[in-house]
Amino acid sequence: MAHEITLIPGDGIGPEVTGAVTRILDASGVSIHWDRHDAGAVAAERTGKTLPDALLASIRERKVALKGPVTTPIGKGFTSVNVGLRKALDLFANLRPVVNLPGVSTRFQNVDLVIVRENTEDLYSGLEHVVVPGVVESLKIITAEASTRIAEFAFQYARRHGRSRVTAIHKANIMKLGDGLFLDSVRTVAARYPEIRFDDRIIDAVCMHLVLKPEQFDVLVLPNLYGDIVSDLCAGLVGGLGVVPGANIGTDCAVFEAVHGTAPDIAGQDVANPTALLLSALLMLVHIGESDAAARIRAALHTVLAEGTATRDLGGTASTTTFADAIVRHLDA
Ligand code: NAI
């Protein structure tokens, strides 16, 4: 039986990288039926909505989507497609594994950490108002419910993937109530996972330690804003946005996507790096129970990178197509 998965090719380099990735998945032998939908600017032109109802219905029914980057039209009335998807499908956990890849030279080696970011509240609640001219109040919402839910996700992830330590990141020394509640919630959950080591760090200190000795970290669990910032910082540790996967996961549905944007400066030139989306697709394969295929594709990707085949962003000369071809050849071998 083919897996039923929603595919959002996206804008800019989106169709190029999703095309490369679906070709590689196909070559691995996994049977997937893709239900294609537009989102963002293209969808808005056709349907008046950046997130058409048919797209949301497709993901709700199939439970899993692979998404390329999309452009959110600038102007009133259009909320970000990504924020919209997270809200509509309650994708409360943002997952970003950060690991060194062979052949991708960076300042650090042996980085192998996982960021678990709370996706629904904190300063992203959008609750802001002008108190008096010149004074704005932005509300940082932290609830025990969302903090407990993300902590459970982080510990479950650690248990399932053989990770030994979870670190909660916060600023509870200053935001004693808000970040204090987040920390207390994670601590309470940690007590239910005695086999997993738990500790906590202050956000500013952890940033310094991440750029000094990132290999010391395992699973990090963070509220929304710190998670947003730290996950890009960590992408930089292993080669940048072109090589880091992501997933937004809820109780019912999961959307797998690279963290980079539509790269309009290189769109249509067949030079985009499909690695980040491919790694996101590997998270997806594990999610749907196709771990063997994920492992084979990962091995082929590592071989190709180690041989020195790389796209322009990584200093190579391979096009999107020839990079994907090389991976397909290794899968066939
Ligand atoms: P961007 O990530 O698209 O590009 C930043 C730089 O990284 C550019 O120089 C680009 O060429 C390069 N780059 C990005 N991905 C690459 C890849 N796979 N291979 C090689 N080089 C790559 O960020 P930017 O320019 O800030 O945003 C452009 C558009 O993307 C905006 O419309 C924004 O709204 C959208 N966007 C969408 C996201 C999503 O759908 N998840 C996330 C971020 C931005």
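Since this is a predicted model, take the numbers as computed values, not measurements.

K.L.:
A description of the side chain of arginine 96 should follow, citing residues and the corresponding values.
P.N.:
Within the secondary structure, arginine 96 sits in strand S4 (residues 93–99). Residue classification places arginine 96 among the buried residues on the basis of a relative accessible area of 6%. Of the polar contacts made by the side chain of arginine 96, one reaches the side chain of aspartate 232; its length is 3.1 Å. Apart from the residues within four sequence positions on either side, arginine 96 is in contact with Leu113, Val114, Ile115, Ser231, Asp232, Val244, Pro245, Gly246 and Val259.

K.L.:
Can you explain the sheet that holds strand S12 (residues 254–257)? Please cite residues and give values.
P.N.:
Here we have 10 strands laid out as an open sheet, ordered S2-S1-S3-S12-S11-S4-S5-S10-S8-S9, and mixed in their pairing. Looking at strand neighbours, the two that pair on one side only are strand S2 (32–36) and strand S9 (197–202), the edges of this open sheet. Direction aside, the axes of adjacent strands within the sheet are offset by 25° on average. Examined bridge by bridge, S4 and strand S5 (residues 112–118) share 7 bridges and lie antiparallel to one another. When the bridges of S5 are listed, leucine 95 appears paired with valine 116. Together, S4, S5, strand S8 (165–170) and strand S10 (219–222) form the strand contacts of helix H8 (residues 224–237), whose direction differs from that of S5 by roughly 155°.

K.L.:
Break down the packing of helix H3 (residues 53–62) against helix H4 (residues 81–89) for me, with residues and values.
P.N.:
One way to put it is that H3 packs onto H4 with a least axis distance of 11 Å and a crossing angle of 50°. In terms of axis orientation, H3 runs oblique to H4. Judged by the twist between their axes, the crossing of H3 over H4 is right-handed. Along its contact with H3, which presents Leu56, Ile59 and Arg60, the element H4 presents Leu85, Ala88 and Leu89. The class makeup of the residues in the contact of H3 with H4 is 5 nonpolar, no polar and 1 charged.

K.L.:
I'd like a rundown of the site of the ligand, residues and numbers included.
P.N.:
Taken together, 18 residues are adjacent to the ligand, and Val70, Gly261, Ala263, Asp265 and Asn273 come closest. In this structure, an oxygen atom belonging to the ligand sits 2.8 Å away from a side-chain N or O atom of aspartate 265. With the chains in place, 64% of the 820 Å² that the ligand exposes on its own is no longer accessible. Here the residues of the shell around the ligand sort into 8 nonpolar, 6 polar and 4 charged.

K.L.:
Describe the domain arrangement of the protein chain, naming the residues involved and giving the relevant values.
P.N.:
A common measure of how large an interface is: the accessible area buried when the components associate. Domain assignment breaks the protein chain into domain 1 (1–97 + 241–333) and domain 2 (107–237). Each of domain 1 and domain 2 has a C-alpha centre, and these two points are 25 Å apart. Contacts between the two partners involve 14 residues from domain 1 and, on the opposite side, 15 residues from domain 2. Both sides of the domain 1 and domain 2 interface together cover about 1,400 Å² of buried area, and 54% of this is carbon and sulfur. When the area that domain 1 buries against domain 2 is broken down by residue, the three leading residues are Phe92, Asn94 and Arg96, summing to 46%. For the pair domain 1 and domain 2, the interface holds 2 salt bridges. The closest approach of N and O atoms between aspartate 90 and arginine 149, which form a salt bridge, is 2.9 Å. Our count for the contact surface shared by domain 1 and domain 2 stands at 8 residue pairs in polar contact (both at pLDDT 80 or more). Taken together, the elements giving at least two residues each to the side of domain 1 that touches domain 2 come down to S4 and strand S11 (247–249).

Conventions used here
- Residues numbered from 1 in each chain as written.
- Predicted model: local features only at pLDDT ≥ 70, side-chain atom pairs only at ≥ 80, totals over all residues.
- Heavy atoms only, no water.
- Helix = DSSP H or I, 4+ residues; strand = E, 2+ residues; numbered from the N terminus.
- Buried < 20%, exposed > 50% of the residue type's maximum accessible area, 1.4 Å probe, protein only.
- Polar contact = N/O pair within 3.5 Å; in protein donor to acceptor, adjacent residues only side chain to side chain.
- Contact = heavy atoms within 4.5 Å.
- Pairing = 2+ DSSP bridges.
- Axes fitted to C-alpha atoms, helices over the stretch in contact; angles between N-to-C directions.
- Parallel < 35°, antiparallel > 145°, perpendicular 65-115°, else oblique.
- Left-handed = near helix turned anticlockwise from the far one by under 90°.
- Nonpolar A, V, L, I, M, F, W, Y, C, P; charged D, E, K, R; others polar.
- Near = heavy atom within 4 Å.
- Areas by Shrake-Rupley, 256 points an atom, 1.4 Å probe, with all protein chains shown as cover.
- Domains from an automatic or database assignment.
- Buried area = accessible area lost by both parts, 1.4 Å probe.
- Salt bridge = Lys/Arg side-chain N within 4 Å of Asp/Glu carboxyl O.

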